[in-house]
Amino acid sequence: MKGVPVFIVLFAVLCSVLFLPGLSQAQKPEDGDKTLSPYFFVKSDDPKLDQLPLKSTSAVANISGVIADVVVTQVYKNEGKKALEAIYVFPASTRAAVYGMKMVIGKRVIEAKVKKRDEARKDYEDAKKQGKSASLLEQHRPNVFQMNVANIMPGDEIRVELKYTEVLVPTDRIYEFAYPTVVGPRYSNKPADGALPSEKWVQNPYLHEGEKPTYAFDMTVNIAGGIPIKELASTSHKVNTAFNGPANAKVTLDRSEKSGGNKDYILRWRLAGDRMQSGLLLYKGEKENFFLCMLQPPKKVKSAQIPAREYIFVVDVSGSMYGFPLDISKRLLKSLIGNLRPTDTFNVLLFSGGSRLMSEKSLPATKENVDNAINVIDRQRGGGGTELLPALNRVLTLPKLENYSRSIIVVTDGYVRVEEEVFDLIRTHLNDANVFAFGIGSSVNRHIIEGMARVGMGEPFVITKPADAPAQADRFRAMIESPVLTKVKVSFTGFSTYDVEPVSIPDVLADRPVMVFGKYKGEPKGTITVTGISGRGKFTESINVAAAKPLKDNVALRYLWARHRITLLSDYNKLHSSDRRVKEVTDLGLAYNLLTAYTSFVAVDNRVRNTGDTPETVNQPLPLPEGVSDYAVGGSGMMKTMAMAPPPLAPYPRPDYMGMARREEAPVKENGKQRTVTGPTVSIGDVTVSGGIAKEAVFKTMRKIEGGMAACATGITGPVSYVVTLTVNADGTVKDVKSRDGRNDSLEQCLKRLIKQLKFTATGDGKEASATVTILLKP
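Keep in mind that this is a model prediction, so the values were computed, not measured.

Caption draft 1: Expanded view of the overall build of the protein. A count of helices and strands for the protein gives 13 helices and 40 strands. Buried residues in the protein amount to 58% of all 779 residues. Carbon together with sulfur atoms contributes 50% to the accessible area of the protein, which is approximately 32,000 Å² in total.

Put into structure tokens, the structure is as follows:
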């Protein structure tokens, strides 16, 4: 290729599709190549259609002691000329018990009813066809919900309110209220055809990296602690705090945070004297009585003798971890691995679309091995899909070292749809290892992070900022070295209890209260006793039941017990499916007025309001969580458009060099000998433009997919060149891609998909523009 300028970005391609960089999707994947993957929002040219019906979402949380009661309000308004059906996918706390919903149209208030899922969906669809306004709330995951609102007429404003409650359990004497605001894009390789309706929420539109939410966000938290509050602060948003006495506070969101709905809202506080809310709460119902007991654990003491331990670090380096989240992971892992004892052993598995293991057996934590591992981790950039399940399966089946206690540490944002399969896998290996999960990023999938730790008898951690990583690493080490309480048992004397949860209490690793709850008969009397082994020896603590009085304000105990029971049954059902358990969950949802996987809330207005055309269905686009790149959406697209055999295994992933003007070679060790590996190189050659788009802007944007193009070229045996012409819309999205060569082979198709899913800067004249680019690929 004479005349091609030497603007060459050279890559040492990593060992497999594990490190394929992501790409952005300007539209849904073509038919025949569809998987349940997220895609980028493209605004319609139809001025009559309002594609952004959700105008605001807000919440008011009232926290009394350890119970939070939350009212969420979503406001939908149709500013177009066509009737709408709005669909909005949103998150909630993993512990939320959703017990009520209502729809408000003008002055009319329609209270929702809880029904079996299929019945609620039928009522909603019938109302939509009849021209009635209706709303439907469904659960796709314990922390992922979907709201459908039908027949929002032009000029309408419809408010939907839902209510939930949860228990706040302090950790290390710190109370935390976390309110998730956005569902991150989930990687999926599952075909869209034949997918269950409950799985199709994954295929949702997203805004591009850095774009603010299209709806306003607000949050108010009222705290009545009973004990003076101290160190009250939000670690996520700017807030304003007003105290009404030492034990009562009102926290409001600062006006500057109106667009703060792209990251979890987190509020933390302590109680005076570092105390914990402990004691007994009682609720007397018409048919059933409920109790909640919380006991403060003994003070932690440092253990002098720590058994030998094996640590296996399972690290997500997929597209959604690109940039800010992966930076957090690197800091965390440097602290965790860099502080291992010489008597410890460790291993590292990096995963995205595939996985690479540092060694087939764990290595001693020598300085050389530790430095080598940190060096490999530090070179990762992030790219590709998120195949967590095969990665976990691989480490769980590794041979175990004799006389070593194994801990598996998973580091991920959790943007996958295989939560239940992951839980089942961990359950089947409970005797092999404890699982600790670190959620990384501003809006992690807490369901999978908390679930992995729960079923793996470990602890969950969530790190939203790089600066927090060392402290969380220290906290992890403290848990491992000295559990707070082991061999925990709870007994009841003279207090007639039943349906008590949990049936068995795992070791208390963190400094948090021992909590049991359930139902009771007759008058509240007798004692509740907790025993166990602490660092100082035997531990015993008792509570006098008669000293507590049943209160109507404790009605939340009813919902919380049922929610916990539902979670437990659902967990068992994923392990061994049972129609009986499905029926029991359904019956609990109906009896206790709760949202579940099998029960939904539906509200139908009795007025026929739409006598014209069928409403246009609009999926509300979601913002990418703060710090998450376009690769989180594009990574899914990359994985579903490419199926490539990985190159030969190497003990370590090949580093992602970005050297200019010369070919870089990545040294790796294999069987004690050093060798070098190389991969395809990419050269962006001549660039010519026409219209209101800059040549330099095209060049820079094309460079974003150099890694993807190199991945497309894996396996080529000689130089290959392509000349492609792009038609770019006024908003910067790619309208069309044509190749001058017209080969139409798999490599060309792969390149076209990558380019078609880019987004350039908007054209300067507000019109379409074009660019012709020469691409040279070498093996």
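Caption draft 2: Molecular detail of the pairing of strand 12 (residues 175-179). With four of its five residues buried, strand 12 lies for the most part within the structure. When strand 12 meets strand 18 (residues 265-271), the two strands line up antiparallel, connected through five bridges. Residue E176 lies in a different strand from strand 18, and its bridge partner there is R268.

Caption draft 3: Spotlight on the sheet that holds strand 14 (residues 216-224). Here we have eight strands laid out as an open sheet, ordered 7-6-11-4-3-14-17-16, and mixed in their pairing. The open sheet is flanked by strand 7 (108-111) and strand 16 (239-243), the only strands paired with a single partner. Sheet twist, expressed as the mean angle between neighbouring strand axes with direction ignored, is 15°. Note that strand 3 (residues 54-64) and strand 14 share nine bridges and pair parallel. Bridge pairing in strand 14 links T57 to F217.

Caption draft 4: Just the packing of helix 2 (residues 324-338) against helix 3 (residues 367-378), in detail. Closest axis-to-axis distance for the helix 2/helix 3 pair is 10 Å, and the angle between their directions is 175°. When the interaxial angle is binned, helix 2 and helix 3 end up roughly antiparallel. Across the interface between the two elements, K330, L333, K334, I337 and G338 from helix 2 touch V370, I374, I377 and D378 from helix 3. Of the residues that constitute the contact of helix 2 with helix 3, the class distribution is five nonpolar, one polar and three charged.

Caption draft 5: Quick peek at the environment of V149. Locating V149 in the fold gives a position in strand 10 (residues 144-152). In contact with V149, not counting residues within four places along its chain, are Y76, L84, E85, A86, Y124, A134, S135, I158 and V160.

Caption draft 6: Seen up close, helix 6 (residues 446-455). Counted residue by residue, helix 6 has eight buried out of 10 residues, so it is predominantly covered. Every buried residue of helix 6 is accounted for by R446, H447, I448, I449, G451, M452, A453 and V455.

Caption draft 7: Main features of the pattern of salt bridges. Counted under the stated rule, the structure contains 34 salt bridges. A salt bridge links D46 to K82; the nearest nitrogen and oxygen atoms lie 2.6 Å apart. Residue D46 is located in the loop between strand 2 (39-40) and strand 3, and its partner K82 is located in the loop between strand 4 (67-77) and strand 5 (84-91); the two are separated by 36 residues in the primary sequence. Accessibility expressed as a relative area gives 26% for K82, which makes it partly exposed. The salt bridge partner of E79 is K55, with a shortest N-O separation of 3.6 Å.

Caption draft 8: A look at the side chain of E166. Of note, E166 is situated in strand 11 (residues 157-167). With relative accessibility at 1%, the residue E166 sits in the buried group. One polar contact links E166 to S93, side chain to side chain, over a distance of 2.9 Å. Discounting residues that sit within four places of it in the chain, E166 has contacts with V66, I67, A68, S93, R95, A96, F177, A178 and L560.

Caption draft 9: Broad picture of the packing of aromatic side chains. In the structure shown here, the tally under the stated rule is 19 aromatic pairs. With a centroid separation of 5.8 Å and an interplanar angle of 75°, the aromatic rings of F291 and F492 are classed as edge-to-face. One end of the pair, F291, is in strand 20 (residues 289-295); the other, F492, is in strand 28 (residues 486-493), and 201 residues separate them in sequence. Ring centres 5.4 Å apart and planes at 40° place the aromatic pair F495 and Y520 in the tilted group. Taken together, the residues span a long stretch of sequence, with F495 in the loop between strand 28 and strand 29 (497-501) and Y520 in strand 30 (residues 514-520) at a distance of 25 residues. The exposure class assigned to F495 is buried, which follows from its relative accessible area of 4%. Three or more aromatic residues joined by ring pairs form one cluster here, namely Y311, F313, F436, F438, F461 and F476.

Parameters and conventions
Residues numbered from 1 in each chain as written. Predicted model: local features only at pLDDT ≥ 70, side-chain atom pairs only at ≥ 80, totals over all residues. Heavy atoms only, no water. Helix = DSSP H or I, 4+ residues; strand = E, 2+ residues; numbered from the N terminus. Buried < 20%, exposed > 50% of the residue type's maximum accessible area, 1.4 Å probe, protein only. Areas by Shrake-Rupley, 256 points an atom, 1.4 Å probe, with all protein chains shown as cover. Pairing = 2+ DSSP bridges. Axes fitted to C-alpha atoms, helices over the stretch in contact; angles between N-to-C directions. Parallel < 35°, antiparallel > 145°, perpendicular 65-115°, else oblique. Contact = heavy atoms within 4.5 Å. Nonpolar A, V, L, I, M, F, W, Y, C, P; charged D, E, K, R; others polar. Salt bridge = Lys/Arg side-chain N within 4 Å of Asp/Glu carboxyl O. Polar contact = N/O pair within 3.5 Å; in protein donor to acceptor, adjacent residues only side chain to side chain. Phe/Tyr/Trp six-rings, centres within 6.5 Å; stacked < 30°, edge-to-face > 60°.

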